[in-house]
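# Coordinate inspection notes
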Amino acid sequence: MNLVERILARASGRSSVSPDDVVFAKVDRAMLHDVSGPGVIKVFERIAGQGIPTDRLWDPDRVWVAEDHFVPSAEKISAENIARLSEFTSRYGIKNHFRYGMGQYGICHTISHEEAMVMPGDVYVGGDSHTNTTGALGAFACGLGHTDMAYVLLNGQIWFKVPETMYFRLNGRLPSHVMAKDFILKIIGDIGTDGGAYRTMQFGGTGIEEMSLEGRLTLCNMTTEAGAKNGIVRPDQKTVAYLEERMSGAGREAAKVSLGRGGADYSEPDGADSDYAAVYEYEASELEPVVAEPFSPENTRPVSEAPSVELDKSYIGSCTGAKYEDLEAAARILKGRKVRIRTEVLPAAISIYRRAMESGLLKIFLDAGAMVGPPTCGACCGAHMGVLGKDEVCISTTNRNFPGRMGHVESRTYLASPMVAAASAITGRITDPREIVHAA
Amino acid sequence: MEPFRTVRSVATPLDKINVDTDQIVPKQFLKLVQRSGFGKYLFYDWRYESVEGGSGGASVVPRPDFVLNHPRYKGSAILVTGENFGCGSSREHAVWALADYGFRAVIAPSFADIFYNNCFKNGVLPVTLERGEVRDMLKFGGDIEVDLKAGEVRMYSPGSTAGPSHVARFEMEPHRRTVLLEGLDEIAQTLKYEKKISEFERKSGLAESAIPSLPPDKPLRA
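Residues numbered from 1 in each chain as written. Chains lettered and ligands numbered in written order. Predicted model: local features only at pLDDT ≥ 70, side-chain atom pairs only at ≥ 80, totals over all residues. Heavy atoms only, no water.

### Let's talk about the sheet that holds strand β6 (residues 125–128) of chain B
Residue and element names in this part refer to chain B. Taken together, seven strands build an open sheet; the order of strands is β6-β5-β4-β1-β7-β8-β9 and the sheet is mixed. In this open sheet, the two edge strands, each paired with only one partner strand, are β6 and β9 (166–169). With direction set aside, neighbouring strand axes in the sheet form an average angle of 30 degrees. In this sheet, strand β8 (residues 152–156) lies alongside strand β7 (residues 143–147) in antiparallel orientation, the contact comprising five bridges. The partner of Val146 across the bridge, within β8, is Val153. (Pairing = 2+ DSSP bridges. Helix = DSSP H or I, 4+ residues; strand = E, 2+ residues; numbered from the N terminus. Axes fitted to C-alpha atoms, helices over the stretch in contact; angles between N-to-C directions.)

Now the structure itself:
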């Protein structure tokens, strides 16, 4: 069995599972946010009307709640939703509710790793399609709709069809100007936005072993754009160190992070190619900065071949592109330079914001002329705080560029890495970071 | 939920691939949580355009070139569309909007996973057919009949009183077919088996899971 099969076998109490088996799996962690939370509350109200008891959750300590899409409250309806969310968490005794303006908060997928909410080998579900992100910690992580989430909250289980696994092997370390974002855009361009439909996308090989946890998170985040059920990376000592550091940072008891559950060791090397439905090989040295043109993440091409487009804005934010290392990479390019177009930087969680402040990154951004905003899904989902108007063109570190995703249906978004977004902020057109660094 | 009955109507052709849930219901309506009334927001940005009137004060008018606004498709209960329908955000509002608008079935060569699952929770039947057959239906002007019990989609040529001009077959997992045909609520249905599930858990040792819970009093980072 491969990694996902082993996790799903463990969670469903079976000795083995194969692709297409339908299993009833125990859920280890579940997450709601300010869009799926009110949706789930609505489902609760409906089924309560049918006489199904909704007075307690299966385990409130395994459920956590984020406020991210419409915060800081964009207008009065979102403010009311936040109030509903607070009522919900206090009514059901959910203690892990990350409230904006009260210490740590941020985009749910970022909180999942910054606060070590998910452990290797977990089955983790969330009311958001980018729940796939957290598979980078070695968990089976996927998104569910509101009704399915309501079911999980009441029962702690859900059925899955065991997905086939596509294995993406990265040989060698990524060049310094190429980021995980470039790699995943390249993959989506190769397999298409439904290329991973109902499959697992697993990443491995020497390039992934060398890659930081944050790079791995970027890869798994955008498996959603390939239609995948989930993305996953085998957990290793880096995963352990990353999680242990965050647990003690959060004032939690310094627990040892385990690489296994119930006797399993999920850090065992990825098996033979025959364990996977398909294997794709990539040479890191051949990769280069990539953009996805409007209006699909699969419309990729190398930045070196990108059209000369006048940009209106550079957006460095979201669970995909505003982790600490993303900001650090953008700051390396922006340091000592000035932006030519509107540039927004929104760290994805308060913990990242704080680190960026302490290490001086925020000063670099401000000196360059960029603005720094609070953690929020914000304009990534076109909600608020920097949405695009008609005909506006944006280069963005986010994950989707469907029509109207970031605002007006006739605005245009180019998806890129934080380095490309930063380099483009300086020139006002889509720019390879090497152009900036070499010019210095 | 209402049981799924055979639906026959003119089919609305939406000839686009990768229609994402943000096109089905744009994000500005996600804040609303009532499940009824979402139909008016269905395909909002394609269906309406704003006319000048200042920011916030702009009013919207239907775009005459968008298929839903064509009088011919008024009252249609079947949507025919391209590959990977419902990709993107997991928002269940997308299915709420389709159902509230009156669509009982969506026919496409493929669907995005979370959207596909959400359909069954809301009495909407997603039908997967061969790409070639879907292409024919996109160009077809007549009535289409979706019969879940028989697993058939029938095409009736306009004006003809004869039988169907073409019959396409589709498959559906038995459990999901039952859920729709009997109008069962998946939550209610699974809860019927609660006793069996607990018994299974006891036997398999799952009930005494060794997985630790999150510490209940984890302080938030200052």
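### Topic: the environment of A:Val162
All names here are of chain A. You can see Val162 is positioned in the loop between β7 (157–161) and β8 (164–171). It is 9.7 Å that separates the C-alpha atoms of Val162 and Lys229, two residues lying 67 residues apart in sequence. Other than its neighbours up to four places away in sequence, Val162 contacts Glu5, Leu8, Val17, Ser18, Pro19, Asp20, Asp21 and Val23. (Contact = heavy atoms within 4.5 Å.)

### Looking at the side chain of A:Thr431
Residue and element names in this part refer to chain A. With respect to the helices and strands, the residue Thr431 is situated in the loop between α14 (418–427) and α15 (433–439). For Thr431, a relative accessible area of 0% puts it in the buried group. A distance of 2.7 Å separates a polar atom in the side chain of Thr431 from the backbone oxygen of Arg429. Setting aside its immediate chain neighbours within four residues, Thr431 contacts Val303, Val420, Ala423, Ser424 and Ile436. (Buried < 20%, exposed > 50% of the residue type's maximum accessible area, 1.4 Å probe, protein only. Polar contact = N/O pair within 3.5 Å; in protein donor to acceptor, adjacent residues only side chain to side chain.)

### Details of unusual backbone geometry
Following A:Val71, the chain continues into A:Pro72 via a peptide bond in cis, with omega recorded as -15 degrees. Its identity is not glycine, yet B:Asn18 carries a phi of approximately 55 degrees, on the positive side. Within the element layout of this structure, B:Asn18 appears in the loop between β1 (7–14) and α1 (21–24). By relative accessible area, which is 15% here, B:Asn18 ends up buried.

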